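One letter stands for each residue in the lines below.
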Amino acid sequence: MDIIFGRNRKEQLEPVRAKVTGKIPAWLQGTLLRNGPGMHTVGESRYNHWFDGLALLHSFTIRDGEIYYRSKYLRSDTYNANIEANRIVVSEFGTMAYPDPCKNIFSKAFTYLSHTIPDFTDNCLINIMKCGEDFYATSETNYIRKINPQTLETLEKVDYRKYVAVNLATSHPHYDEAGNVLNMGTSIVEKGKTKYVIFKIPATVPEGKKQEKSPWKHTEVFCSIPSRSLLSPSYYHSFGVTENYVIFLEQPFRLDILKMATAYIRRMSWASCLAFHREEKTYIHIIDQRTRQPVQTKFYTDAMVVFHHVNAYEEDGCIVFDVIAYEDNSLYQLFYLANLNQDFKENSRLTSVPTLRRFAVPLHADKNAEVGSNLIKVASTTATALKEEDGQVYCQPEFLYEGLELPRVNYAYNGKRYRYVFAAGVQWSPIPTKIIKYDILTKSSLKWREDDCWPAEPLFVPTPGAKDEDDGVILSAIVSTDPQKPPFLLILDAKSFTELARASVDVDMHMDLHGLFIADMDGDAKKQAASEEQRDRASNCHGAPPT
Ligand SMILES: CC1=C(/C=C/C(C)=C/C=C/C(C)=C/C=O)C(C)(C)CCC1
Ligand SMILES: [Fe+2]
């Protein structure tokens, strides 16, 4: 499996034309931009974990039935420092690195301890985020990197901490219809008050505040939730939204801050500071977006580990939310390269299969309801919420489907009642072998698979003017373990799950994590943008300084 995971990939700087078979829908024009780890060895040193790898951006540009592929390593400070030193000098999730072996490590550790938490990596390998017209490569630390989505060039480094007090932030923000970004992060050092912070980055500079040009400067804190444990906040990889609420799971998979502060001196990785406490509860926080306050009722469920929220919506006074959940944290364990390389089949068996679970949370608990009664009256789910004596509400999910990860939905239905989940199919191994369309209404599924093929996260792109939720295509980059079969971009019809086209490229493609599709503007929008640009230029000539 080294062929898929541990091998360093060659970047493809010049766009290369793909060999297309089948027929690409004429309306499908734009760029699929994705991110993931591509280099795990620098000189003689090797990362321990797949999530440590240096970020490799890649893109498929689809135009008039042709597809061009390119890839480029993110020139993060981390990448540059490693390449210059010809070894790993910056710590990542599963690898602690020691920048200068000549320096006394105790003095280094002392500096770290006095600052509590060291400076994190800017190796942004997980996802791509859109802020206004700009694109950023993201990870889960306080740094993100602006990128050029066309050339894949690395631009400036943005430190979240300059705009909002967070040391960690998710790689899975949400977007509202205007393109404003809603994200969450954890503040672990501010005055000892460990808290989770929900914040909003506007897509454009708000009216009347134009003197401050960057939308980042207008980032606002939406709501803060104190951590149940000051020294051990919950780890989370994503969160959910409905039209009016935010759903945050404070799960008993926690980061130990004291362990983090001493990790460097103990020669332990950040990953070793994460622990799953199976005897604890998972708290379900519901935040009202209108009042910006958490709903006061204490909702909880059993211990679980969730990386990906799928979707959520409001129905009959309840919040229904769907997540991919595990019984434990074995997923992170399996992605150690040592497990992925030798005896792959033996070592890479998940001890719990990722399951699509539906929860329902009652927003207005009936005061007269009896203790022990189920507060969920929604007919569409068997999820329950039991009223307890002390006023807490114990939620138990409905198990919908077993063996799927990297979920995507038609984003026009994000926060709304929806029907379809597109995901990668995984069984006892964490590596996807199928692409799945799961129909929540009929509880049936459609699958795509092919021998020796390892599909990436399936991304849904809607047909312009689509009426049905599944009216569109699925895009997935596929790598193969068969040396005769080059990697390809698969285009499926999202309704029937039949292949429309594939675009093979003879390049060294990596298995990636997440990304997005940037649709080309249509003719009219292009014309309008051009005339706006012309108008802006003209107004610049009349006094305003050029930007
Ligand atoms: C570097 C670093 C981190 C990195 C986490 C990463 C890189 C997580 C990747 C998760 C993925 C890819 C999950 C997929 O489901 C932490 C632990 C946040 C905190 C300390 C510094
Ligand atoms: Fe993710």
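Note that the structure is predicted; figures quoted are calculated from it, not measured.

Criteria and thresholds
- Residues numbered from 1 in each chain as written.
- Chains lettered and ligands numbered in written order.
- Predicted model: local features only at pLDDT ≥ 70, side-chain atom pairs only at ≥ 80, totals over all residues.
- Heavy atoms only, no water.
- Helix = DSSP H or I, 4+ residues; strand = E, 2+ residues; numbered from the N terminus.
- Buried < 20%, exposed > 50% of the residue type's maximum accessible area, 1.4 Å probe, protein only.
- Contact = heavy atoms within 4.5 Å.
- Areas by Shrake-Rupley, 256 points an atom, 1.4 Å probe, with all protein chains shown as cover.
- UniProt positions renumbered as here; feature names shortened; annotations may be inferred.
- Polar contact = N/O pair within 3.5 Å; in protein donor to acceptor, adjacent residues only side chain to side chain.
- Near = heavy atom within 4 Å.
- Nonpolar A, V, L, I, M, F, W, Y, C, P; charged D, E, K, R; others polar.
- Pairing = 2+ DSSP bridges.
- Axes fitted to C-alpha atoms, helices over the stretch in contact; angles between N-to-C directions.
- Phe/Tyr/Trp six-rings, centres within 6.5 Å; stacked < 30°, edge-to-face > 60°.
- Salt bridge = Lys/Arg side-chain N within 4 Å of Asp/Glu carboxyl O.
- Patch = residues over 30% accessible without salt bridge, like charges linked within 9 Å, V, L, I, M, F, W, Y side chains within 5 Å.
- Donors = N, O, S within 2.8 Å, 3.2 Å for Na, K, Ca; no water.
- Tetrahedral: all angles 85-135°; square planar, octahedral: opposite > 155°, others 65-115°.

**Side note on the overall build of the protein**
In terms of regular secondary structure, the protein is built from 7 helices and 39 strands. Across the 547 residues that make up the protein, the buried fraction comes to 56%. Put simply, 61% of the contacts in the protein that link residues at least 6 apart link residues at least 24 apart. If you sum the accessible surface of the protein, you get close to 24,000 Å²; carbon and sulfur atoms cover 51% of it.

**Side note on the UniProt feature "binding site: Fe cation" (unreviewed entry) in the protein**
The residues that UniProt annotates with the feature "binding site: Fe cation" (unreviewed entry) are His172, His237, His308 and His514. For the annotated residues, spread through 343 residues, the largest C-alpha to C-alpha distance comes to 12.6 Å, consistent with a single compact locus. For histidine 237, the location among the structural elements is in the loop between strand E16 (220-226) and strand E17 (240-241). In this view, histidine 237 contacts Ile126, Glu140, Thr170, Ser171, His172, Phe307, His308 and His514; residues no more than four positions away in its chain are not counted. A distance of 2.5 Å separates polar atoms of two side chains, one belonging to histidine 237 and the other to glutamate 140. In this structure, histidine 514 sits in strand E39 (residues 514-519). Assessed through its relative accessible area of 2%, histidine 514 is described here as buried. Apart from residues no more than four positions distant in its own chain, histidine 514 is found in contact with Arg34, Asn35, Ile126, Asn127, His172, His237, His308, Leu406 and Glu457.

**Considering the site of ligand 1**
The environment of ligand 1 is formed by 16 residues, the closest being Phe51, His237, Trp270, His308 and Tyr332. Here ligand 1, which alone exposes 550 Å², has 98% of that area covered by the protein. Class assignment for the residues of the shell around ligand 1 results in 11 nonpolar, 4 polar and 1 charged.

**Notes on the sheet that holds strand E31 (residues 420-425)**
The strand order E30-E31-E32-E33 describes an open sheet built from 4 strands, whose pairing is antiparallel. On the outer flanks of this sheet lie strand E30 (404-408) and strand E33 (444-448), each paired with one strand and no other. Across the sheet, the mean angle from the axis of one strand to that of its neighbour is 30°, orientation sign disregarded. Alignment of E30 against E31, held across 3 bridges, turns out to be antiparallel. Counted as the bridge partner of glutamate 405 is alanine 424 from E31.

**Brief notes about the packing of aromatic side chains**
All chains considered together, the criterion is met by 33 aromatic pairs. Seen in terms of ring centroids, tyrosine 235 and tyrosine 332 are 5.8 Å apart; in terms of plane orientation they differ by 70°. Their pairing is edge-to-face. On the criterion of sequence distance, the pair formed by tyrosine 235 in the loop between E16 and E17 and tyrosine 332 in helix H4 (residues 330-334) is long-range, its members being 97 residues apart. An identical accessibility class is assigned to tyrosine 235 and tyrosine 332; each is buried. Considering the side-chain rings of phenylalanine 307 and tyrosine 332, the 4.7 Å spacing of their centres and the 20° angle between planes classify their relative orientation as stacked. Pair noted here: phenylalanine 307 is in strand E24 (residues 305-315) and tyrosine 332 is in helix H4, with a separation of 25 residues, a long-range link. Using a relative accessible area of 8% as the deciding quantity, one classes tyrosine 332 as buried. Three or more aromatic residues link up through ring pairs in this structure, and these residues are Phe5, Trp50, Phe51, Phe93, Tyr235, Phe253, Phe307, Tyr326, Tyr332 and Phe335.

**What about unusual backbone geometry?**
Backbone geometry places asparagine 86, a non-glycine residue, at a positive phi of 55°. Note on placement: asparagine 86 falls in the loop between helix H1 (77-85) and helix H2 (105-114). Residue asparagine 86 is classed as partly exposed on the basis of its relative accessible area of 48%. Located in the positive-phi region is leucine 152, a residue other than glycine, with phi close to 65°. By the secondary structure assignment, leucine 152 is in the loop between strand E10 (143-147) and strand E11 (154-159).

**Some words on the pattern of salt bridges**
Within this structure, the stated rule accounts for 31 salt bridges. Put simply, aspartate 122 and arginine 145 hold a salt bridge, and the shortest N to O gap is 2.9 Å. Residue aspartate 122 is located in the loop between H2 and strand E8 (127-131), and its partner arginine 145 is located in strand E10; the two are separated by 23 residues in the primary sequence. Judged by its relative accessible area of 1%, aspartate 122 is buried. Here glutamate 398 makes a salt bridge to lysine 443, at a shortest N to O gap of 3.4 Å. Linking glutamate 398 in strand E29 (residues 398-402) with lysine 443 in the loop between strand E32 (434-439) and E33, this pair joins segments that are 45 residues apart in sequence. In this structure glutamate 398 comes out as buried when scored by relative accessible area, which is 9%. Where salt bridges share partners, they join Arg34, Arg408, Glu457 and Asp512 into one cluster.

**A closer look at a nonpolar patch on the surface**
Together, Leu230, Leu231 and Leu258 make up an exposed nonpolar region whose accessible area comes to about 290 Å². Locating leucine 258 in the fold gives a position in helix H3 (residues 257-266). Residue class for leucine 258 comes out exposed when judged on its relative accessible area of 52%.

**What about the coordination of the iron ion (ligand 2)?**
Distances from the iron ion (ligand 2) to its protein donors, His172 (NE2), His237 (NE2), His308 (NE2) and His514 (NE2), fall within 2.0 to 2.1 Å. Coordination at the iron ion (ligand 2) is irregular: its 4 donor atoms span angles of 93 to 149° at the metal. One chain supplies every donor to the iron ion (ligand 2), and in sequence these donors are spaced H-x64-H-x70-H-x205-H. Of this pair, histidine 308 sits in strand E24 while histidine 514 sits in strand E39; the two residues are 206 residues apart in sequence, bridging distant segments of the chain. Here histidine 308 falls in the buried class, since its relative accessible area comes to 8%.

**Digging into the sheet that holds E24**
Each strand in a sheet pairs with its neighbour through backbone hydrogen bonds, running either in the same direction (parallel) or in the opposite one (antiparallel). Within the open sheet, the 4 strands sit side by side as E24-E25-E26-E29. Their pairing is antiparallel. Bordering the open sheet on either side are E24 and E29, each of which pairs with just one other strand. Between one strand axis and the next, the sheet turns by 20° as a mean value, whatever way the strands run. By the bridge criterion, 9 bridges tie E24 to strand E25 (residues 318-326) in an arrangement that is antiparallel.

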